[in-house]
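Take a look at the letters that make up each chain.
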Amino acid sequence: MGSVSLKIGDGTARFRRASLCSSALHLIMLASVLTTNLFALYAFTSSSSSRHSLDPGTTTDPRNISLISDHVALIVREIESSQRRLHQIERELAGYDTFDPAKPSLPPDLKLFLARHPLPLGRDTRSGITEMVASVGHSCARSPAADLLTRYMSYKPAVPCPLDDPFLPQKLIAKACEPLPRRRCLSRQTDLAAAPRLPFPQSLWSPGAKNPGAGVYGLDRKLWIKPGGKNDFLIDDVLALARGRIRIGFDIGGGAGNFAARMAERNVTIVTSTVEVGGKRMNEFVAARGLFPLFLSPAQRFPFYDSVFDLVHTMNAFDEGGAPALGQASRTEALEFLMFDVDRVLRPGGFFWLDNYLCAGDEQKRLVTRLMERLGYKKLKWVVGEKAERSSLEKAQVYVSAVLQKLVRG
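What comes next concerns the included structure.

Each value, and the rule that gives it
Residues numbered from 1 in each chain as written. Predicted model: local features only at pLDDT ≥ 70, side-chain atom pairs only at ≥ 80, totals over all residues. Heavy atoms only, no water. Phe/Tyr/Trp six-rings, centres within 6.5 Å; stacked < 30°, edge-to-face > 60°. Helix = DSSP H or I, 4+ residues; strand = E, 2+ residues; numbered from the N terminus. Buried < 20%, exposed > 50% of the residue type's maximum accessible area, 1.4 Å probe, protein only. Lys NZ or Arg CZ within 6 Å of the ring centre and 35° of its normal. Pairing = 2+ DSSP bridges. Arc of directions from axis to C-beta. Contact = heavy atoms within 4.5 Å. Disulfide = S-S within 2.5 Å.

## Some words on the packing of aromatic side chains
This model, assessed by the stated rule, comprises 6 aromatic pairs. When the ring of F250 is compared with that of F309, the centres are 5.5 Å apart and the planes differ by 20°; the resulting orientation is stacked. Of the two residues, F250 sits in strand 5 (residues 248–252) while F309 sits in strand 8 (residues 309–314), which places them 59 residues apart along the sequence. Here F250 and F309 have matching classes, each one buried. Each ring, one from F259 and one from W353, has its centre 5.5 Å from the other, and the planes form 80°; the classification is edge-to-face. You can see F259 sitting in helix 8 (residues 258–264) and its partner W353 sitting in strand 9 (residues 346–359), a full 94 residues away along the chain. One aromatic cluster is present, formed by F250, F302, F304 and F309 through successive ring pairs. The residue whose ring lies beneath R281 is F167, and the NZ or CZ to ring-centre distance is 5.3 Å.

## Observations concerning the pairing of strand 8
Here strand 8 lies mainly inside the structure; 6 of its 6 residues are buried. Pairing between strand 5 and strand 8: 4 bridges, direction parallel. Bridge assignment links D251 to a residue of strand 8, and that residue is H313. Note: strand 8 against strand 9, 5 bridges, orientation parallel. When the sheet's bridge partners are listed, F309 is paired in strand 9 with L346.

## Thoughts on helix 7 (residues 235–242)
Turning to helix 7, its buried residues are I235, V238, L239 and A242. Along the axis of helix 7, the buried positions cluster into a sector of 100°, meaning they face one direction only. Of the surrounding elements, those touching the buried residues of helix 7 are helix 8, strand 9 and strand 11 (397–405). One or two residues past the end of helix 7 sits R243, with phi positive at roughly 55°.

## Description of the state of the cysteines
One pass over the full model with this rule turns up 2 disulfides. The disulfide partner of C140 is C177, and the gap between their sulfur atoms is 1.8 Å. Between C140 and C177, the disulfide has an S-S torsion of 105° and is therefore right-handed. Taken together, the positions of C140 in the loop between strand 4 (131–132) and helix 4 (145–152) and C177 in the loop between helix 5 (168–174) and helix 6 (191–194) put the pair 37 residues apart, joining distant regions of the chain. Residue class for C140 comes out buried when judged on its relative accessible area of 1%. When its relative accessible area of 0% is taken as the criterion, C177 is described as buried. A sulfur-sulfur separation of 2.0 Å characterises the disulfide bridge that pairs C161 with C185. Because the sign of the S-S torsion sets the handedness, a value of about 90° for the bond joining C161 and C185 places this disulfide among the right-handed ones. One end of the pair, C161, is in the loop between helix 4 and helix 5; the other, C185, is in the loop between helix 5 and helix 6, with 24 residues separating them in the sequence. C185 gets classed as buried once you look at its relative accessible area, which sits at 12%. Should the bonded cysteines of the protein be numbered as they appear in the sequence, the pairing reads 1-3, 2-4.

As structure tokens, this is what we get:
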């Protein structure tokens, strides 16, 4: 079981594993419900007994009305008190009250970023907002993210950024602390970023950089070209389904950019979101191939306008989308937040390609199936099957692959 908190800054929600605070929240909610019901039961039974004690010809007793009014007022006060307490606990869990810009321990540039600034034209008549609020994730205020954020923001403006830990941004994102607030230090040059760029399209498969890994996390010339099983769809087959209507797409959690490279060979532009995997500079490697990298976890709201992509593709974002920012990986809420954002950026008539999603069991498979059906997409391809692991002693696992088309909604 997890708890839910809403981040006001960028409108996204965060789901977390249960803690002592969230357990206390549930207990208070339960106590509030029980108390309310007991008061209501007492009020009605009391009024009923008083009514029976009156003369048969009497229909109304002012004392009963007064007694019921007192009970109702008491119930209302109990409900309001419980709501105030719940609101306070939610603020504590979300970090609204703990992330205080006035704390002396915060680095100066972080204080400047967190400071609220008055709107230049005064109060917004529609929302009532009078100040601009920083969009930093409130989960940044909780340990250990708070300590990492302090290190990340401890720098002098207009000088090179610190070198203490080049993968500190990735560690913060792994703690659901995004978007990152660093703004005013100069990025340092890495060997990979400074390496000479080869001409395109030669750079797609000869980026002049060391192969960072295997499979989707390194150069792989076989993916989507040679099928390894019935769950493996080929790029040319999927493009044939679209009949030339795919021009621009988004690959969520695309690793080294192999999918984008294959699509680039077919004159389709793909934006690849990727994080630094195992200390490897995946974004720089994707850029060295002449492709468009986006440093973004699947849990973050996609920074794109509505209905802009012809195709959205993902292999592992359904797992990464739930951890850590949305709570436990593959939770119902995590998958819904991710999939509804996919639906938002996908144009009507566009295509969603779920590529070899590993289901933890039958329940997970049913969850994914129900979510797809809830969106009302047209099934062009749908395959559920086992995919044997390398070792014959290991149990085969269930994978789901699908190509779905978003229909035009009224």
